[in-house]
Amino acid sequence: MPTKHEYLDFIKESYESLREAYERSLKAWRSEMESADTYTPPAAPLYRAVIEGLLYSITKDEGYALRVRDALLAYTDFPQLVPDRMRQLPKYAKGIYPVAPVFGGLTLFLRAYEFIRDSGVLRVDDRETLKQVVGNTADQFFPFPEWGPHNRAAKSGLSLTYAAKMFPDHPQASAWAKLGNLLMDASWRHWSLEDSALYCPIWLADLLLYIDVKADSSLYESPMLRYYFEYFTNLLCPLGIVPDFGDASWSQPLDLCLMFLEKGATVYRDPCMKYAADQVFKYMRGKRMFGLYSIYAYLWADDSVEAKVPTTGSREVLDEVIGKKIVFRSGWDENATYLLLNYMDEGDVGWYYKEHLRNTLVVTAEKMHHGHADENSIITLIKDGSFLLHDGGYREGLPNGAYRADVYHNRIIVREGKPGNMKLFDFLRGKGIYQPVRTRRVHFKVFKDVDVSRTEVIDVGNGCHWDRVITYLKGLEAFVVHDGVKVLRDGEFTVSNLYWTQQVREAFADCYDTSIELIGLVGAWGNPGITIEERRRRAWINEKGPRLLIYFHPGAEKTTGVDEAMRSYLPEKCVYQTSSKRFKKGDLISFISILYPYKVDESVDWVLRGIEGVNTDRYPNADAIRLRTPNGDVLICVKHDLSIGLTRPHTRPVYTYEGGETRYGELASDAAYTYTRFADDMLTYAFIDGMKLFFKGKEVFSADKPSVYDLRHRSDVIHAGTFKTDRENWEFELKTKWDSWEDTVRI
């Protein structure tokens, strides 16, 4: 468990590195300004000033305070160092005013100032000079005040209210406070718009800093705020980071996660949040990835809160409205299995703010806000510390960013028409404009042998209703993914199941041996002309060696293949199964894929030999797969069309077992989902949403059997009849499906 002392040691070590690189940073800034057409001050002096301010507050060494003062005052000199060419630009006709760095720079400038405000090293004229820099910077927020519960509005609101607090004697201080509080009001006790592993932490971190500026800790009592601490704790993966999703790049932003996890652990006395902070810090320290906001982890940490490893397994994170994510996990150690599913859509939360952003900014590729077209996408798969599937990255450049599009994610893609002679990827890519969809969680269940999720996407624009059912086979540490796509209108459609990887080491029939060696971190944005070799040098290395076997169950009119494209800043490969044909409205197509992580020296022959198709009488509206495993024969059955069995519109229940029964080889049931494992005459089963289950002709479960859970054995209860109103007659029976059940029985 990290202590404040360890945090301070890390900060001091990083400070020495900053000092060593200081002159190089200023030289690089001067070089950048030679060709730039907009003045932006260097960040290096400010970064040093913040740390030196912290060290002064701890040691009271006046030398640190003097360095802070000089670094902050240097921002009045930097405009004089830009080339004459820039000063002659029309927009600088009135001169280049001294300002703090952009995007949060004013908050850090004020934090450094606050550290030394009462140190005695600031003369009256020094304070007036710094007040001028703050005023010039604050004025930049007024021409275009972005509003809503998102990162930029929070950053602006925090900066303005902080400026008003530090310099209340400035003529514009009241206006700063007014606009700043107005911008923060949208975030105070409201949900964030950000579906991004980068921008949601930025928003949350600034909200926490605003609580301190406002000196109002009542927000910590809000369930909304506590939600986000729990949310990021439960998203933590075995490597000790939150995987990137939405507009984010790999391992961003660790220092923000560290600071708010420590704050959550302190405020709520939560040992699991403390553990999450511990894991993030271990990763940061091991990779020497210092971030300036780590100082708040030191300031906010409470060593009396002891870390405790969470005991939760697979779970929803945290709900089906705000988070809309599901994590499958075997545990919390570094070798644990971890899969993250994101089914977040835009939804109606914050609609007013989202609509304003859509109508104001060039953000046509985004799911409002900073989200991707990643609904029902497998964002991350990790086993034994190795990434086996990962997300698509942020963007190569402004304004839109192609990596946001659906085709760059591990998901089903539906397009009208056929590719013809085009590569599949080129046909699917389109214009990259975000297509609004609706999503919902149908069910999520944790059973003894398996964990199961079913999530749906309703995509009217592309003409489909798609449900994805993921089965996590515990012990085997594999995943079976059933995808059912119902077409919503007549026409020719191409339906494709995509998984992205980096290396396809071997391709069998319908099966690919894959691995990821590097995860790209930087692209052309800010690095024009960057080469592939440089991208590789600056990429994150996937150091451990497990691979991922991706199997597509074959079917009529389905083909498999591999395409290549730039993704996440590096060349990657897309393995796919696709089908192009004419559909009628209501037609359904089914896909089954298996994701099997395995070690390099492990034979997978038994896996491939043990996969079998299952004769299903309602295919493709229902589908099944058999896996012959060392622990028995596993059968996984999914009913994609949940309307099967709804045969009596004027009777309750509408469904009957006879109308809903589906036969999958030796198994028959009306359940929406069924899992069985048969070994040594013992059948372990689990089902969701069903009335009966038969295996090899034997009744294994029946909701019709009298028990303490129903009233069918009671002679004084009317079992069936007619319910009459003035206008309607309804027939009814005392029958119901069971939500779920699992058991082991002898056959």
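Details of the structure are given in the entry above.
Residues numbered from 1 in each chain as written. Predicted model: local features only at pLDDT ≥ 70, side-chain atom pairs only at ≥ 80, totals over all residues. Heavy atoms only, no water.

## Quick notes on the overall build of the protein
Scanning the protein from terminus to terminus reveals 18 helices and 32 strands. Here the C-alpha coordinates of the protein stretch approximately 90 × 65 × 50 Å along the principal axes. For the protein, with 747 residues in total, the buried portion stands at 59%. Pairs at least 24 apart in sequence give 68% of the contacts found in the protein among residues at least 6 apart. (Helix = DSSP H or I, 4+ residues; strand = E, 2+ residues; numbered from the N terminus. Buried < 20%, exposed > 50% of the residue type's maximum accessible area, 1.4 Å probe, protein only. Contact = heavy atoms within 4.5 Å.)

## Some remarks on the packing of aromatic side chains
A full pass over the atoms with the stated rule returns 46 aromatic pairs. Ring centres 5.1 Å apart and planes at 65° place the aromatic pair Trp-203 and Tyr-228 in the edge-to-face group. Taken together, the residues Trp-203 in helix H9 (residues 199–214) and Tyr-228 in helix H10 (residues 223–235) connect sequence positions 25 residues apart. Each member of the pair Trp-203 and Tyr-228 is classed as buried. Ring geometry for Phe-678 and Phe-695: centres 5.3 Å apart, planes at 50°, overall tilted. Here Phe-678 is found in strand E26 (residues 673–679), whereas its partner Phe-695 is found in strand E28 (residues 692–695), with 17 residues between them in sequence. The pair formed by Phe-678 and Phe-695 is uniform in burial state, with each residue classed as buried. Within the aromatic cluster, the residues linked to one another by ring pairs are Trp-191, Trp-203, Tyr-227, Tyr-228, Tyr-231, Phe-232 and Phe-260. One cation-aromatic arrangement involves Lys-263 over Trp-300; the distance from NZ or CZ to the ring centre is 4.3 Å. (Phe/Tyr/Trp six-rings, centres within 6.5 Å; stacked < 30°, edge-to-face > 60°. Lys NZ or Arg CZ within 6 Å of the ring centre and 35° of its normal.)

## Topic: the pattern of salt bridges
For the structure shown, the criterion picks out 55 salt bridges. The residue Glu-316 makes a salt bridge to Arg-441 at a minimum N-O spacing of 3.1 Å. You can see Glu-316 sitting in strand E1 (residues 315–317) and its partner Arg-441 sitting in strand E7 (residues 438–446), a full 125 residues away along the chain. Given a relative accessible area of 21%, Arg-441 falls into the partly exposed group. The partner of Asp-513 in a salt bridge is Arg-547, and the shortest N-O contact between them spans 3.4 Å. Remark: Arg-547 occurs in strand E16 (residues 547–552) and Asp-513 occurs in strand E13 (residues 511–515); sequence separation between them is 34 residues. Across the pair, exposure class does not vary: Asp-513 and Arg-547 are buried alike. (Salt bridge = Lys/Arg side-chain N within 4 Å of Asp/Glu carboxyl O.)

## Let's talk about the packing of helix H3 (residues 62–73) against helix H6 (residues 124–139)
Here H3 crosses H6 at 45°, and the two axes come no closer than 10 Å. If you check the angle between H3 and H6, you find them oblique. Crossing angle aside, the handedness with which H3 passes H6 is left-handed. Residues Arg-69, Leu-72 and Leu-73 of H3 form the contact with H6, whose participating residues are Asp-126, Thr-129 and Leu-130. For the contact of H3 with H6, the class distribution of residues is three nonpolar, one polar and two charged. (Axes fitted to C-alpha atoms, helices over the stretch in contact; angles between N-to-C directions. Parallel < 35°, antiparallel > 145°, perpendicular 65-115°, else oblique. Left-handed = near helix turned anticlockwise from the far one by under 90°. Nonpolar A, V, L, I, M, F, W, Y, C, P; charged D, E, K, R; others polar.)

## What about the nonpolar core?
Core analysis: the biggest nonpolar cluster contains 150 residues, and Tyr-39 and Leu-225 have the highest contact counts within it. Examining the composition of this core, we find that 12 residues originate from one element, H9, more than from any other. Ignoring sequence-local partners within four residues, the contact set of Leu-225 consists of Leu-204, Leu-207, Leu-208, Ile-211, Leu-219, Tyr-220 and Tyr-268. The next biggest cluster of nonpolar side chains, apart from the first, holds 26 residues, and it includes Phe-447, Val-452, Tyr-596 and Tyr-673. (Core = buried A, V, L, I, M, F, W, Y, C linked by side-chain atoms within 4.5 Å.)

## Details of helix H1 (residues 4–35)
Its 32 residues place the ends of H1 43 Å apart at the C-alpha level, agreeing with the 46 Å of an ideal helix rising 1.5 Å per residue. Ala-21 marks where H1 bends most, by close to 50°. Those residues of H1 not exposed but buried are Tyr-7, Leu-8, Phe-10, Ile-11, Ser-14, Tyr-15, Tyr-22, Leu-26, Trp-29 and Met-33. The inward-facing, buried residues of H1 contact helix H2 (44–59), H3, helix H4 (84–87), helix H11 (254–268), helix H12 (271–287) and helix H13 (294–300). (Expected span 1.5 Å × (residues − 1). Bend = angle between axes of the 7 residues up to and from the residue.)

## Looking at the sheet that holds strand E4 (residues 377–383)
Judged by pairing direction, the sheet is antiparallel, and its five strands sit side by side in the order E1-E2-E3-E4-E5 without closing on themselves. Edge strands, defined here as strands with exactly one partner in the open sheet, are E1 and strand E5 (386–389). Each strand of the sheet is rotated relative to its neighbour by a mean of 20°, with strand direction disregarded. With respect to the sheet, H10 is in contact with E1, strand E2 (325–329) and strand E3 (338–342), its orientation differing from that of E2 by roughly 40°. (Pairing = 2+ DSSP bridges.)

## Here we look at unusual backbone geometry
Of the consecutive residues Met-368 and His-369, the connecting peptide bond is found in the cis state with omega at 5°. As for its placement among the helices and strands, His-369 is situated in the loop between helix H14 (351–360) and E4. With an omega of 5°, the peptide bond between Tyr-619 and Pro-620 qualifies as cis. Its identity is not glycine, yet Ala-215 carries a phi of approximately 55°, on the positive side. As for its position among the elements, Ala-215 is in the loop between H9 and H10. Taking relative accessible area as the criterion, Ala-215 reaches 68% and is therefore assigned exposed.

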